[in-house]
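Listed below, chain by chain, are the residues.
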Number of protein chains: 2
Amino acid sequence: MVLMATKTQRTERRTDALSKERIVEAAIEILDADGESALTFRALTTRLATGSGAIYWHVANKNDLLAATTNDVIARVMTDVASGAEPREAIRAIALGVFDAIDAHPWVGAQLSREPWQSAMLQIFESVGGQLQALGVPERAQFASASALVNYILGVAGQNAANARLLPRETDRTAFLATVAARWAQHDPAEYPFVHQVATQLSEHDDREQFLAGIDLILAGIGTIDPGSS
Amino acid sequence: MVLMATKTQRTERRTDALSKERIVEAAIEILDADGESALTFRALTTRLATGSGAIYWHVANKNDLLAATTNDVIARVMTDVASGAEPREAIRAIALGVFDAIDAHPWVGAQLSREPWQSAMLQIFESVGGQLQALGVPERAQFASASALVNYILGVAGQNAANARLLPRETDRTAFLATVAARWAQHDPAEYPFVHQVATQLSEHDDREQFLAGIDLILAGIGTIDPGSS
DNA sequence: ACCTGAACACCGTTCAAGT
DNA sequence: ACCTGAACACCGTTCAAGT
């Protein structure tokens, strides 16, 4: 195919032509490999063997580029998760999908908590909202319930992204949590009794389980809503 | 006092000597007046009539400075709120205090969701945790409950900060929400039925009330926890 | 001990010029 | 229509030199 095309190409562009997709793809690779600070237009131009102006032809600015990369990752999560399970399970699956995506691409977390009205967020909001309807949450409470869940997911997203930024590259999670727990334990117990008390639990806990426990707590709260007349 | 001191000052420094407090104070003024992007070391040196090196003598780097400013604002909120009300009311007061602080200083929201293990977060965590104990939440559930509440607050913090960044300076909130709602309504109803449906509610809702509704939802969830054997 | 400010090594973004 | 890359106007941070 490719060999044939070399002869008769006419309206076809060279296969490596720039496009927003190719730029986004390259940006994701850089972000995953070396983190947020490594994504510069200079790094992009080098990787794509082009000039900075070429990138600006396809992308408005860096914010636009970051929104596009985040959107890309979240869209993939949402299509993977779309299948029809029981609503409560579906919500947990959506939440875990986002959680795992941020675990795999920590920069997504930072971006999500920075640009909440962007398309990525809309997709999460839509998925969660749809499941709440399926769950039979009364209409007047759907918006607030979806917001609570999404805000919670957003909060954890930012937190996990920050952790990943602090983590000195591939440190294992338990070692990191032990460090934070030790720092917590150092605070004056008189001034920070609660922090002091839960410091041990911190080093033992499983981030992912804890995240899910929070989702379940909110779902339990939603379960207490009076179905009312609607 | 000051006049007298001018004669016999010895170990005293000139009253306008630099200090971390003075730098933090100036940073907060810049952030409040012109937003995150306005806080540069050059702007700081101009305002403080000094050199960049002088600032670095008191502050490790820009991250350190931002953490200190956030810590300052949150500390003020926590001492204002500390009074002993009923636990559930106290938690609502803490949450609203943080919410209002971010409303007044949007950059705090961005920073909170960026540096969750910092001192500012610890203070919120401690306050919330203490109230959960007073509420009689069983010990095994305290950590997860506090985390859920704090993560939720964190998520809203980031969202509000982002909104403030989008807001073209002192636009009123309802006008802004109407714009977002209009954008939501533009999406294909077939693809985004839920978003489409709640778009109207979005433009009518009160951010602050909605925030509190989420807190109440989580508190309701916490209320369903089996007290167990402790 | 604390401060000065020039210098360094970067950024994102623009734009005249090319194809 | 799409791409090139030099140039611009910034950054945060360092450091020799001053007091």
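None of these values were measured; they are calculated from a predicted model.

(A) Region of the structure containing the nonpolar core. One finds L44, L112 and W184 of chain A together with L44, L112 and W184 of chain B to be the most contacted residues of the largest nonpolar core, which totals 141 residues. Leaving out residues up to four positions away in the same chain, W184 of chain B has contacts with W117, L122 and F125 of chain A together with V195, H196, V198, A199 and L202 of chain B.

(B) Main features of the domain arrangement of chain A. All names here are of chain A. For chain A, the assigned domains read domain 1 (1-59) and domain 2 (85-222). The straight-line distance from the C-alpha centre of domain 1 to that of domain 2 is 34 Å. Facing the six residues of domain 1 at the interface are seven residues of domain 2. In total, domain 1 and domain 2 occlude about 510 Å² of area from one another, counting both sides; carbon and sulfur atoms represent 46% of this. Its largest share of buried area at the contact with domain 2, domain 1 owes to L31, D32 and E36, together 77% of the area lost on that side.

(C) Geometry of the protein's contact with DNA strand D. Not every one of the 19 residues close to DNA strand D is listed here, only the nearest: T50, A54 and H58 of chain A together with Y56 and K62 of chain B. The share of sugar and phosphate among atoms of DNA strand D within 4 Å of the protein is 48%. H58 of chain A places a side-chain nitrogen or oxygen 2.6 Å from a phosphate oxygen of DNA strand D. Between DNA strand D and F41 of chain B there is a distance of 3.1 Å, counted from a phosphate oxygen to a backbone nitrogen or oxygen.

(D) Looking closely at the protein's contact with DNA strand C. Close to DNA strand C lie 19 residues; Y56 and K62 of chain A together with T50, A54 and H58 of chain B are nearest. Residue R42 of chain A places a side-chain N or O atom 2.8 Å away from a base oxygen belonging to DNA strand C. Listing elements by their share of the surface near DNA strand C, those giving two or more residues are α3 (41-48) and α4 (52-58) of chain A together with α4 (52-58) of chain B. The greatest single-element share of the surface near DNA strand C, amounting to five residues, is contributed by α4 of chain B. Looking at the surface near DNA strand C, its residues break down into seven nonpolar, nine polar and three charged.

(E) Broad picture of the UniProt feature "DNA-binding region" (unreviewed entry) in chain A. Per the UniProt entry, the sites bearing "DNA-binding region" (unreviewed entry) are residues 40-59 of chain A in this numbering. With 75% helix and 0% strand, residues 40-59 of chain A has its two end C-alpha atoms placed 13 Å apart.

(F) Representation of the packing of helix α6 (residues 87-104) of chain A against helix α9 (residues 139-166) of chain A within the structure. All names here are of chain A. Contact geometry for α6 and α9: axes closest at 10 Å, N-to-C directions at 20 degrees. Here α6 lies roughly parallel to α9, going by the angle between them. Handedness of the crossing formed by α6 with α9: right-handed. From α6, I91, A95, V98, F99 and I102 reach across to α9, where they touch L149, I153, V156, A157 and N160. Of the residues that constitute the contact of α6 with α9, the class distribution is nine nonpolar, one polar and no charged.

(G) Quick look at the relation of the copies chain B and chain A. Mapping chain B onto chain A leaves a residual RMSD of 0.0 Å; the transformation is a rotation of 180 degrees accompanied by 0.0 Å of translation along its axis. On this basis, the relationship between the two copies can be described by a two-fold rotation axis. A shared interface surface links the copies, since 100% of the contact residues of chain B are contact residues in chain A too.

(H) Summary view of the UniProt feature "domain: HTH tetR-type" (unreviewed entry) in chain A. Residues given the UniProt feature "domain: HTH tetR-type" (unreviewed entry) here are residues 17-77 of chain A. In residues 17-77 of chain A, the share of helix is 75% and the share of strand is 0%. The end C-alpha atoms are 27 Å apart.

(I) Summary view of the side chain of H205 of chain A. Residue and element names in this part refer to chain A. The residue H205 is located in the loop between α11 (193-204) and α12 (207-223) in this model. By relative accessible area, H205 is classed as buried at 18%. Only 2.8 Å separates the side chain of H205 from the side chain of D207, close enough to count as a polar contact. Here Q210 takes part through its side chain, which lies 3.2 Å from a polar atom of the side chain of H205.

(J) Layout of the interface of chain B and chain A. Each partner contributes to the interface: chain B provides 55 residues, whereas chain A provides 55 residues. Buried area between chain B and chain A, both sides added, is near 4900 Å², and the carbon and sulfur share of it is 67%. Counting every contact that joins chain B to chain A gives zero salt bridges. Linking chain B with chain A are 11 residue pairs in polar contact (both at pLDDT 80 or more), by the criterion used here. Within the residue set of the side of chain B that touches chain A, elements represented by two or more residues are α8 (119-134), α9 (139-166), α10 (173-186), α11 (193-204) and α12 (207-223) of chain B.

(K) Summary view of the packing of aromatic side chains. The tally for this structure, following the rule as stated, stands at 13 aromatic pairs over all chains. Between F125 of chain A and W184 of chain B, the ring centres sit 5.2 Å apart and the planes meet at 55 degrees, which makes this aromatic pair tilted. Here W184 of chain B lies in helix α10 and F125 of chain A lies in helix α8 (residues 119-134), a pairing that spans two chains. Exposure remark for W184 of chain B: the relative accessible area of 6% places this residue in the buried category. Aromatic ring contacts, followed pair by pair, group W117, F125 and F143 of chain A together with W184 and F194 of chain B into a single cluster.

Conventions used here
Residues numbered from 1 in each chain as written. Chains lettered and ligands numbered in written order. Predicted model: local features only at pLDDT ≥ 70, side-chain atom pairs only at ≥ 80, totals over all residues. Heavy atoms only, no water. Core = buried A, V, L, I, M, F, W, Y, C linked by side-chain atoms within 4.5 Å. Buried < 20%, exposed > 50% of the residue type's maximum accessible area, 1.4 Å probe, protein only. Contact = heavy atoms within 4.5 Å. Domains from an automatic or database assignment. Buried area = accessible area lost by both parts, 1.4 Å probe. Near = heavy atom within 4 Å. Polar contact = N/O pair within 3.5 Å; in protein donor to acceptor, adjacent residues only side chain to side chain. Helix = DSSP H or I, 4+ residues; strand = E, 2+ residues; numbered from the N terminus. Nonpolar A, V, L, I, M, F, W, Y, C, P; charged D, E, K, R; others polar. UniProt positions renumbered as here; feature names shortened; annotations may be inferred. Axes fitted to C-alpha atoms, helices over the stretch in contact; angles between N-to-C directions. Parallel < 35°, antiparallel > 145°, perpendicular 65-115°, else oblique. Left-handed = near helix turned anticlockwise from the far one by under 90°. Least-squares fit on C-alpha atoms with pLDDT ≥ 70 in both. Salt bridge = Lys/Arg side-chain N within 4 Å of Asp/Glu carboxyl O. Phe/Tyr/Trp six-rings, centres within 6.5 Å; stacked < 30°, edge-to-face > 60°.

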